[in-house]
Amino acid sequence: MTVRALIATVFLACAALAATLPFDALDIDSSSYALISRDMIERDDYLHLQQCGRRYFDKPILTFWKISTSFQIFGVSNWSFRLPALLLTLASIWSLYSLVLLLYGSTRRALLAAAIYASSPGLFAMLLDVKIDAYLNCYLVFLHHAYFLGVKRNRWYYLLMYLAIGLGFITKGPIAVAIPAISIGMDILVRRDWGRLGTMLFSPVGLVGVPLALIPPGFWTWVLYEQYGSYGPYYCLWLQSFGRVYSRYAFSWSQGYDPFFFVSNFAWAFAAFLLPLLVYAGRRVWDFARSGGLLRLPAD
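Please read these numbers as outputs of a predicted model, since none were measured by experiment.

Rules behind the numbers
Residues numbered from 1 in each chain as written. Predicted model: local features only at pLDDT ≥ 70, side-chain atom pairs only at ≥ 80, totals over all residues. Heavy atoms only, no water. Phe/Tyr/Trp six-rings, centres within 6.5 Å; stacked < 30°, edge-to-face > 60°. Helix = DSSP H or I, 4+ residues; strand = E, 2+ residues; numbered from the N terminus. Buried < 20%, exposed > 50% of the residue type's maximum accessible area, 1.4 Å probe, protein only. Contact = heavy atoms within 4.5 Å. 1 Å grid on protein atoms, 1.4 Å probe; cavity = no way out; pocket = protein on both sides within 12 Å on 5 of 7 lines; lining within 4 Å. Points joined across faces, edges and corners; volume = space filled by probe spheres on them. Expected span 1.5 Å × (residues − 1). Bend = angle between axes of the 7 residues up to and from the residue. Salt bridge = Lys/Arg side-chain N within 4 Å of Asp/Glu carboxyl O. Axes fitted to C-alpha atoms, helices over the stretch in contact; angles between N-to-C directions. Parallel < 35°, antiparallel > 145°, perpendicular 65-115°, else oblique. Left-handed = near helix turned anticlockwise from the far one by under 90°. Nonpolar A, V, L, I, M, F, W, Y, C, P; charged D, E, K, R; others polar.

Q: Would you mind going over the packing of aromatic side chains in detail, with residue names and values included?
A: One pass over the structure, following the stated rule, counts 13 aromatic pairs. Measuring from centroid to centroid gives 5.7 Å for Y33 and F64, while their planes differ by 75°, and the two rings are edge-to-face. You can see Y33 sitting in helix 2 (residues 29-43) and its partner F64 sitting in helix 3 (residues 62-74), a full 31 residues away along the chain. You'll find Y33 and F64 in the same group, each marked buried. Taking 6.1 Å as the distance between ring centres and 55° as the angle between the ring planes, the aromatic pair formed by Y231 and Y234 counts as tilted. Placement of the pair is Y231 and Y234 together in helix 12 (residues 231-246), with a separation of three residues, close to one helical turn. Residue Y231 is classed as partly exposed on the basis of its relative accessible area, which comes to 43%. Y234 gets classed as partly exposed once you look at its relative accessible area, which sits at 41%.

Structure follows, in structure tokens:
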């Protein structure tokens, strides 16, 4: 595709995402998030979540702060409920474009990545029926952008990565730590760049960044403990995220022990990413097998 065609694709995909703004909040999750956020304003209580008079602690608090802020500024409506998720998603499209441009120096590649991401069925579905995942997804893009800014430009960009991890944690829970631990950890492992790991954890950047990432979940843990005792942090920080994978009694929708639960759950939504990735990985494995040598990757 030409650069002009890619720009048009990104623009049309963003317009389609923005077209979801006036839609009604759908049952069950979206309407619950809207009710809880409106209840925050009516009770003037922004720490203790309630839904129709009953305590609620299934999800962390940051998403409800975003929605209630939008309600306060623009009034309670369908579009003001959806607006925070849309704005963050548009920002994540720009962030992905900037990330690919940083890594490859190619406008065409950056636009192609943005077009694939913006037109993914899963992204549209998450904004049509607004989920917590729509917010988490953006923080994951932001933190990887910040990570590579730290690698390529200035190590102090790692602070933005740590901040995105902390905000992602009080959006969806420990999955916001598990995903970058796998992706960034594998990047460091494959490149054997242990100096980078030391910089991220033990340099002045790490000594500031690690506490920066811990402050949001630490605050949310204190709020949960204050309301529910030790069960509150245990449920929200562990059981709610991972219990459905290994505990058949934790939830009525438990999947049982399935190590591929998250893969199968999201594969359909982001097949536009997964299929090119599988083709690329297959080509690299084939080249490796033919060469009979080690697969060499650049250190940076």
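Moving on from the model shown.
Q: I'd like a rundown of the environment of Y162, residues and numbers included.
A: When you line up the elements, Y162 lands in helix 8 (residues 158-172). Apart from the residues within four sequence positions on either side, Y162 is in contact with M200, L201, G209, V210 and A213.

Q: Hey, could you go over the layout of surface pockets for me, with residue numbers and the actual values?
A: One number sums up the size of the second largest pocket: a volume of about 350 Å³. Forming the boundary of the second largest pocket are 18 residues, of which Y162, I165, V177, A181 and L201 lie nearest the centre. Where the lining of the second largest pocket is concerned, the elements lending two or more residues are helix 8, helix 9 (175-191), helix 10 (194-202) and helix 11 (204-228). When residues of the lining of the second largest pocket are assigned to their parent elements, the largest contribution, six residues, is made by helix 9.

Q: Account for helix 4 (residues 78-104), naming residues and giving values.
A: With 27 residues, helix 4 extends 40 Å between its outermost C-alpha atoms, agreeing within 8% with the 39 Å of an ideal straight helix rising 1.5 Å per residue. Its axis deflected by about 30° at P84, helix 4 carries its strongest bend there. A positive phi of about 65° marks G105, the residue just after helix 4.

Q: So what's going on with the pattern of salt bridges? Residues and values would help.
A: Inspection of every chain in the model, using the stated rule, returns eight salt bridges. Two residues, K131 and D129, come together in a salt bridge whose shortest N-O distance is 3.2 Å. For K131, a relative accessible area of 23% translates into the label partly exposed. Between D193 and R196 there is a salt bridge; the shortest N-O distance is 3.1 Å. For the pair formed by D193 and R196, the shared burial category is buried.

Q: Run through unusual backbone geometry, naming residues and quoting values.
A: Here the phi dihedral of D44 falls at roughly 55°; this positive angle occurs in a residue that is not glycine. Tracing the sequence through the fold places D44 in the loop between helix 2 and strand 1 (50-51). Residue D44 is classed as exposed on the basis of its relative accessible area, which comes to 60%. Phi angles above zero are rare outside glycine, and C52 is one such case at about 55°. Position of C52 relative to the elements: it lies in the loop between strand 1 and strand 2 (54-55).

Q: Describe the packing of helix 7 (residues 132-152) against helix 8, and please don't skip the residues or the numbers.
A: Put simply, helix 7 and helix 8 touch, their axes get as near as 7 Å, and they point 165° apart. Considering the angle they form, helix 7 stands roughly antiparallel to helix 8. Handedness of the helix 7/helix 8 crossing: left-handed. Contact with helix 7, carried on its side by I132, D133, Y135, L136, Y139, F142, L143, A146, Y147, G150 and V151, involves Y158, L160, M161, A164, I165, L167, G168, T171 and K172 of helix 8 and no other residues of that element. Of the residues that constitute the contact of helix 7 with helix 8, the class distribution is 15 nonpolar, three polar and two charged.

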